[in-house]
Every structure is written in structure tokens, then in C-alpha cells.
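# Structural characterization, general
Spelled out from the first residue to the last, the chains are:
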2 protein chains.
Amino acid sequence: MRQPAGRSARRSGGERKPREERWAELIEVATQVFYEKGYDGASLQDIADRLGMLKGSLYYYIQSKEDLLFDVISAVHKEGLAVVRSRSEVPGGPLERLESVIRGHVEHTCRNLVPTAVFLHELSALPVERRKEILGSEHAYQGVFRDLVEQGQAAGLVRADLDPRLAALSILGSTNWVYRWFRPGGTFTPEQIGAEMAEMAIRGIATEETLQDRASR
Amino acid sequence: MRQPAGRSARRSGGERKPREERWAELIEVATQVFYEKGYDGASLQDIADRLGMLKGSLYYYIQSKEDLLFDVISAVHKEGLAVVRSRSEVPGGPLERLESVIRGHVEHTCRNLVPTAVFLHELSALPVERRKEILGSEHAYQGVFRDLVEQGQAAGLVRADLDPRLAALSILGSTNWVYRWFRPGGTFTPEQIGAEMAEMAIRGIATEETLQDRASR
DNA sequence: CTGTGACTGTCGACCGTTTGGTAGGCTTTT
DNA sequence: AAAAGCCTACCAAACGGTCGACAGTCACAG
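Residues numbered from 1 in each chain as written. Chains lettered and ligands numbered in written order. Predicted model: local features only at pLDDT ≥ 70, side-chain atom pairs only at ≥ 80, totals over all residues. Heavy atoms only, no water.

## Some remarks on the interface of chain A and chain B
With 38 residues of chain A in contact, the opposing surface of chain B contributes 38 residues. Overall, the association of chain A and chain B removes approximately 3,400 Å² of surface from exposure, summing both partners, and the carbon and sulfur fraction of that is 63%. In terms of surface lost to chain B, no three residues of chain A exceed A:Leu166, A:Trp177 and A:Met200, which account for 21% of the buried area on that side. For the pair chain A and chain B, the interface holds two salt bridges. Measuring nitrogen to oxygen at the nearest pair gives 3.3 Å for the salt bridge that ties A:Glu208 to B:Arg203. (Contact = heavy atoms within 4.5 Å. Buried area = accessible area lost by both parts, 1.4 Å probe. Salt bridge = Lys/Arg side-chain N within 4 Å of Asp/Glu carboxyl O.)

This is how it looks when you write it as C-alpha cells:
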């Protein structure tokens, strides 16, 4: 437990804040700590320390450590999915929509690096039921990508011999991997990454004719 | 600790095996347990239980829990890197080599799902120094892919406006993501996945002329 | 063929620390 | 005076790790 100084240190920091404000801080700090140490490697002590409160006090806000991870993850997931879903309904053909989805997804990942990393990396620390509660029984993200690929095939824009599930997983792989190497202020901007990845993805699945049409525009 | 029955149960399983054999078992079991529970989530007790021995006995083989993870990870990594490196020197042009690398990488991942997953997922549980000891100071995998892309550009086969690092990361992303969804006996075979991913990747980075040449072959 | 001693692999009990979690009381705000 | 926010003090369990004891195995001497 190791309280800094059980004896002499009376109510040291102990700032009192309204519930909502503290809750926001809690989520933020927990996200950061889970990011740095992983869910199992992080202790409630770590989180409490950084908030300037005692471990026991956390239970005024949460019911369990697991709940905390759940809240962190489900928040990012909801947000990310909203971005992707809205982009998938943008005006234009399937390929324009796919491009928009990829760019949006990548940019959102880069701008929310820490929460996204926790989502992608620590989801497996949740028990299956709670995982499903977040993802839906069918993987939602995957579905958006796959649908767009299928629409592209229906319109003759995407190679017909391609398995749409595989294509979706491939694209999702390259975009989801971004959280492993992107660093803000690094060589690339989120927009650059999004744009180039979208371009590669679309060229990867398009028919030759589609590519020529796009080139001559 | 909870020994099954400290009193009555004399040497229960306690099979005695030669060092090498046990070591192999240990690595295998540890890999599996790390896969299922994650490094921090797994306890030496879990591993010992599955080996039919006591926790303390593990220290006849290892110096620390961390060493165990290190050994598990560095083994897969060495193997995987060897596959990729050898494939990168296959006869043919840069694109043929890239295709071979991607196929080899994906197939190796699928056929060594569990160790690969531990490598990709738990590497971050190692302290930085030991991580570098495995990866080399420059990320080796990434280098192989990037080099091939650059060679492709030099030969005019790959779009010149593409950043080779970004292209490498994109390809590596889609292939490394495979460990998250592939299941043996599922819809796709490793060969299928490797082939389709290679095709998508190459089309994604190639110039229009290259694609037409390939199509007319 | 037997006796002996060194070695090897495992046990069993233990240590100090940390963990997630609980309960009741104190203080500040409303 | 009630409610909200946080602290103190505690718990049982689990963790990684240590260490002396000891049984089974094997090589070799007699």
C-alpha cells in the first residue's frame, strides 16, 4: 500500500472537486495509465496516485477495475465507430466513400492515439461478454469496410475475384496498425497518412479500368 | 499458493524428465499461457500447474518471469525474420520478391499463430532494453519491406510519389494484423490470405504501367 | 552384481510485497 | 442538517521469488 507518510502527512492534496469533473479526470488518467502499463500491469494505486487521491476513494466512482477499462474502451469505440459510420454515408460512389472512411478512421486514430491504443490493445483483457457488449456480436468496423467493398464490386469498380471480407480485414489491418507507430509531431501528419493509406487501399482493390478512369480525371 | 493437499498427497504427478525435454515443454506451455492471459495476467503458478510441477521448481530452469517471456519472444522473432529475409533474396524483380516476402510472412504467422501473437502483443511488456535486444535498434522487419519498396521505385515499378516508409508500414500493418483474426480451419487458408494480401499490396503501390504489364502477361 | 557417492530435478514451506476491494468515519459544501 | 467527496485502516488472496531438503538416476569402484 505504501502511503507516502501515513503519519505526518495530513490531508495533503485532497482537493475537492465536483463529481463530473473528477469522473472526467479519472477516465483520462486511467486511459493514460492503461496505455503505459497495460490493464493487468496497471494498479488502481497508480491511478489514484496520479489523481492525488487514495486507492479506496476510487470506489466512490467505480465498482471495479474492470468497469473502468470497460468505460474507457467503450467510449473510444463509440466515438470511432460514429466517425466511420458517418463517413460511409458521404455523397459519392463506393470508392469515394471508402476513401473518406479510411481517412477519417486514420485521422481519428492519430488524434486519439492513447485511447485508441487502449481499445485495440486491452480489449482482450475484458471477459468475452463485455467485449461483445462493445463490439456487437458482429464486428461493426469490419462490417462498414466490407459493405463498401461489396458495393464497389456491385458497381464494377472493385475486382470481382476479391473476397470482400479479406479485403476489409487487410485495409483494417493497415489502418489499425497505425497506433503502433504513429507519434504526434513525427514525420507524418494524420492527413498524410490517411490520404496515402486510402490511396493504396483503393488501388489495391480496384479494377484496371477504374484505375485508368481515375488517372485520366 | 494453494497446494492441492499439502498433507496427504505425496509426490503426485512429479514425473521426472531430462532437462532439454522439460525446457521445451516449459517454453511451449508458457507461450500458450501468455497467449491466453497476457504476460501480466499470467502467473507462474498457472504455468507450473499446467506442467504438473510446483511454482518454485520453475526456477530451476529460469531466472525470472521476464526471462521466460524474453525467450519465448526472441525465438519466434528470429524464426520469422529468417523467413522474411530469405524470401527477400529470392530470384526476380523487387515486386516478385516483395510478393514472396508477404506470402512467406503471412503463412508463417498463420502457422505459428500463438507464438506470433505473443510476440506482437506482449513485446511491450518487456523493458525497452530487452525489446531492442530482440528487434535491433532499427526495426528489422520494417527495413526489409521498406528496402523492397525503394528498390521497386528505383526500377520504376513503384509509384515515385509514395513514401517508402509509409508504404512499408501499411503493408506490415495488414499482414501483422492477421494474428488478430486468423483461426486455423476457418474460411481462409494461409496460402489464400498470403496470396490475396500480396496482390493487394503490390497493386496498391505499383505504377499504372506496371499494372498493365502484369495484366498482359 | 553390488555398493556408493555425486548429480539432477522436484518438492514444500516460506518471505515480503502488492493487489483489488470494503467499511466507517471525517470534513467540506450546499 | 443533509449530502457529497474523500480518507483511514483494514482484509484475504495472490504474486514473484528463495532456499534447504530429498528422492531418483547414473557412473563407476569394488
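## A closer look at the relation of the copies chain A and chain B
By a simple turn and slide, chain A fits onto chain B: the slide is 0.0 Å along the axis, the RMSD is 0.1 Å, and the turn is 180°. Read as a symmetry element, the transformation amounts to a two-fold axis. Both copies present the same face, since 100% of the interface residues in chain A are matched by interface residues at the equivalent positions in chain B. (Least-squares fit on C-alpha atoms with pLDDT ≥ 70 in both.)

## Details of helix 3 (residues 65–87) of chain B
Residue and element names in this part refer to chain B. Taking 1.5 Å of rise per residue, 23 residues should cover 33 Å, and helix 3 covers 34 Å from first to last C-alpha, within 8% of that figure. Of the positions making up helix 3, those classed as buried are Lys65, Asp67, Leu68, Leu69, Phe70, Val72, Ile73, Val76, His77, Gly80, Leu81 and Val84. Tucked into the core, helix 3 has its buried residues touching helix 1 (19–37), helix 2 (44–51), helix 4 (94–111), helix 5 (113–122), helix 6 (128–135) and helix 7 (140–154). (Helix = DSSP H or I, 4+ residues; strand = E, 2+ residues; numbered from the N terminus. Expected span 1.5 Å × (residues − 1). Buried < 20%, exposed > 50% of the residue type's maximum accessible area, 1.4 Å probe, protein only.)

## As for the side chain of A:Thr116
Residues and elements named next belong to chain A. Its place among the elements puts Thr116 in helix 5 (residues 113–122). Residue classification places Thr116 among the buried residues on the basis of a relative accessible area of 6%. Setting aside anything within four residues of it in sequence, one finds Thr116 in contact with Val76, His108 and Thr109.

## Digging into the nonpolar core
Counting residues in hydrophobic clusters, the biggest one holds 132 residues, and the most contacted among them are A:Ile47, A:Trp181, A:Ile193, B:Ile47, B:Trp181 and B:Ile193. Filtering out sequence-adjacent residues up to four positions away, A:Ile47 remains in contact with A:Leu26, A:Val29, A:Ala30, A:Val33, A:Phe34, A:Leu58 and A:Leu68. (Core = buried A, V, L, I, M, F, W, Y, C linked by side-chain atoms within 4.5 Å.)

## Brief notes about the domain arrangement of chain A
Residue and element names in this part refer to chain A. Domain boundaries in chain A define domain 1 (19–62) and domain 2 (73–215). If you average the C-alpha positions of domain 1 and of domain 2, the two centres end up 31 Å apart. Contact residues are listed per partner, giving six residues for domain 1 and eight residues for domain 2. A combined buried area of about 570 Å² lies between domain 1 and domain 2, and 75% of that area is made up of carbon and sulfur atoms. Among the residues domain 1 hides against domain 2, the three largest losses belong to Thr31, Tyr35 and Tyr39. Together they make up 74% of the total. Taken together, the links from domain 1 to domain 2 amount to zero salt bridges. (Domains from an automatic or database assignment.)

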